[in-house]
Amino acid sequence: MIDSAKRKFILSKGKPEPKHVPWWGEPNFGGWYTEAEIDAVVKAIRGSMHWSEGFGHGGSAREIEEFENAFAEYCGAKHAIAITSCGVGLDIAMMCLDLEPGDEVITPAINYKASQMAILGQRGEVVFCDIDSKTLNVDPEDVERRITPRTRAICPVHLTGLSAPMDELLDIAERHPHSMHGPLKIIGDAARACGAGYKGTKVGAKGWLTAFSFHSQKLMTTLGEGGAITTNDSRLAERIRDINHFGGEHGWGSNYRMNKVQAAAGLVQLSRLDEMNNRRRVVANRRKELLESAAELVMPYEPPGYVHVYYVYPILVQPEWAGEKRDKILSMMEKNFGIVCSVTNRPTYLRWPYVAEKCGNPKLKVSEDIGQRLFCPPLHPLLNEEQELYICASLLETIDIIKKES
Ligand SMILES: *Cc1c(COP(=O)(O)O)cnc(C)c1O
């Protein structure tokens, strides 16, 4: 807890280093690399110098195979395929559904727009579902209400580093099979949930397919861009590999392959992932202690049996503080303290005109309420205690100023 005397003392010292740059709300500090990643990258390049070796071809390099095996094992999935990004992973997922015109895929609107772009890219119909205000992930009951005879798949996002309720979704998928294609397919967007835990498993172990991102803002990274797909379905894995190699012998395909230098960096990042995520949890737990007593704020929720890895630290303001008042907190935090909080995320149909045009406005009650109340102060595994105290003191001070004004 920070009382007002402690708050004044912390803020009297001014902003800790780095002083003259904004502290971004999404992990914009870049990845967290060590000398081990640099050594692995250099080794992979040196190992490619001879003409008989090169970078390997068709994704056949040893580093890629090792990375795929290690990633599958880490997630507890049978297969992992390394690709260039999570966006591409979701595109491939939708390709593998072989959608017919009019086929529907259910996805939440408190989300990044990637899943909707992937659905639209394959000429599918986006059906938005509402979320649970405590977890910010899909609300299974609302998902179930939106199923029609045209529903083919459910595409939940593990939004803030917390797993979606996979068992409930899998149960719904079994109980509402498509007349031709059988149980609905669960396609997880795990761009922000690498390493997150769910009832003794890791995200990526369950569902038809899960897509991960190794972009530099995410929990682990492969030199700025990168991704992977995990699945337990061997035939699906084979098809994805074919799509990734210009269609194999018989099918359509292109090239979405990761290169071996990225895979070499990824192997080291993967070996450090639990350590990096645990540091996030330490920062998040400390923040919770510091802010919990503020009656205006609701701290993030970690359901029993889940391991939240805090890609972001999602705080809700109480309903009386929604909308303009929340926005005022954000603008004052930036102007007075150099801290940029993100709203990760607003309903996509309100945020992006293209999504609204193609998917319509479903007027989701909970999602729109959360869109007015959510904000995420910066969180990174390397935030030290001094930086953390400054973030929390700034937030409490800002709330106090706004309270006094009104
Ligand atoms: C970042 C992100 C993506 C896209 O990942 P890329 O690897 O950059 O393509 C997709 N979905 C969510 C939820 C994301 O945060």
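Residues numbered from 1 in each chain as written. Predicted model: local features only at pLDDT ≥ 70, side-chain atom pairs only at ≥ 80, totals over all residues. Heavy atoms only, no water.

Enquirer: A description of empty space enclosed by the protein should follow, citing residues and the corresponding values.
Expert: Considering all chains together, one arrives at 2 cavities of 30 Å³ or more under this definition. There is about 50 Å³ of room inside the second largest cavity. Lining the second largest cavity, in full, are His158, Ser163, Met166, Tyr198, Thr201, Lys202, Val203, Gly204, Ala205, Lys206 and Thr210. Taken together, the residues of the lining of the second largest cavity sort by class into 4 nonpolar, 5 polar and 2 charged. (1 Å grid on protein atoms, 1.4 Å probe; cavity = no way out; pocket = protein on both sides within 12 Å on 5 of 7 lines; lining within 4 Å. Points joined across faces, edges and corners; volume = space filled by probe spheres on them. Nonpolar A, V, L, I, M, F, W, Y, C, P; charged D, E, K, R; others polar.)

Enquirer: How would you sum up the pattern of salt bridges? Please name residues and give values.
Expert: Two side chains that carry opposite charge are able to pair once their charged atoms sit near each other. Under the defined criterion, the tally for this structure stands at 26 salt bridges. Residue glutamate 275 is joined to arginine 272 by a salt bridge in which the shortest nitrogen-to-oxygen separation is 4.0 Å. Highlighted residues: glutamate 275 and arginine 272, both in helix H9 (residues 260-291), separated by 3 residues, approximately one helical turn. Since its relative accessible area comes to 41%, glutamate 275 is described here as partly exposed. (Salt bridge = Lys/Arg side-chain N within 4 Å of Asp/Glu carboxyl O. Helix = DSSP H or I, 4+ residues; strand = E, 2+ residues; numbered from the N terminus. Buried < 20%, exposed > 50% of the residue type's maximum accessible area, 1.4 Å probe, protein only.)

Enquirer: Quick one: what's the story with the pairing of strand S2 (residues 104-108), residue by residue and with numbers?
Expert: Burial within S2 is extensive, with 5 of its 5 residues counted as buried. As defined by bridge partners, S2 adjoins strand S3 (residues 125-129) across 5 bridges and the pair is classed as parallel. Across the sheet, the residue bridging to valine 105 is valine 126, located in S3. Remark: the S2/helix H5 (residues 114-121)/S3 crossover connection has right-handed handedness. Inspection of the sheet shows S2 paired to strand S4 (residues 151-154) by 3 bridges, in the parallel sense. Opposite isoleucine 106, over in S4, you have isoleucine 154 as the bridge partner. (Pairing = 2+ DSSP bridges. Right-handed = clockwise from strand over helix to strand, strands pointing away.)

Enquirer: Tell me about the sheet that holds strand S6 (residues 197-198), and please be specific about residues and values.
Expert: Taken in spatial order, the 3 strands of this open sheet run S7-S6-S11, and their pairing is antiparallel. Sheet topology places strand S7 (201-202) and strand S11 (306-307) at the edges, where each strand pairs with a single neighbour. Strand direction decides the pairing type here: S6 and S7, joined by 2 bridges, are antiparallel. Within S7, the position partnered with tyrosine 198 by the bridge is threonine 201.

Enquirer: Kindly report on helix H13 (residues 365-373), identifying the contributing residues and their values.
Expert: Among the residues making up H13, those that are buried are Ser367, Ile370, Gly371 and Arg373. For H13, the elements touching its buried residues are S3, strand S10 (297-298), strand S12 (315-317), helix H10 (324-337) and strand S13 (374-375). (Contact = heavy atoms within 4.5 Å.)

Enquirer: Just give me the short version of the site of the ligand, but keep the residues and values in it.
Expert: Near the ligand you find 13 residues, and of these Gly87, Asp189, Arg192, Ser213 and Lys218 are the closest. One of the backbone N or O atoms of cysteine 86 is found 2.9 Å from an oxygen atom in the ligand. For the ligand, a nitrogen atom lies 2.7 Å from a polar atom in the side chain of aspartate 189. Summarising the interface, the protein chains cover 88% of the accessible area of the ligand, which totals 380 Å² for the free molecule. Judged by the proximity of its atoms to the pocket grid, the ligand belongs to the largest pocket. (Near = heavy atom within 4 Å. Polar contact = N/O pair within 3.5 Å; in protein donor to acceptor, adjacent residues only side chain to side chain. Areas by Shrake-Rupley, 256 points an atom, 1.4 Å probe, with all protein chains shown as cover. Sits in = over half its atoms within 2 Å of the grid points.)

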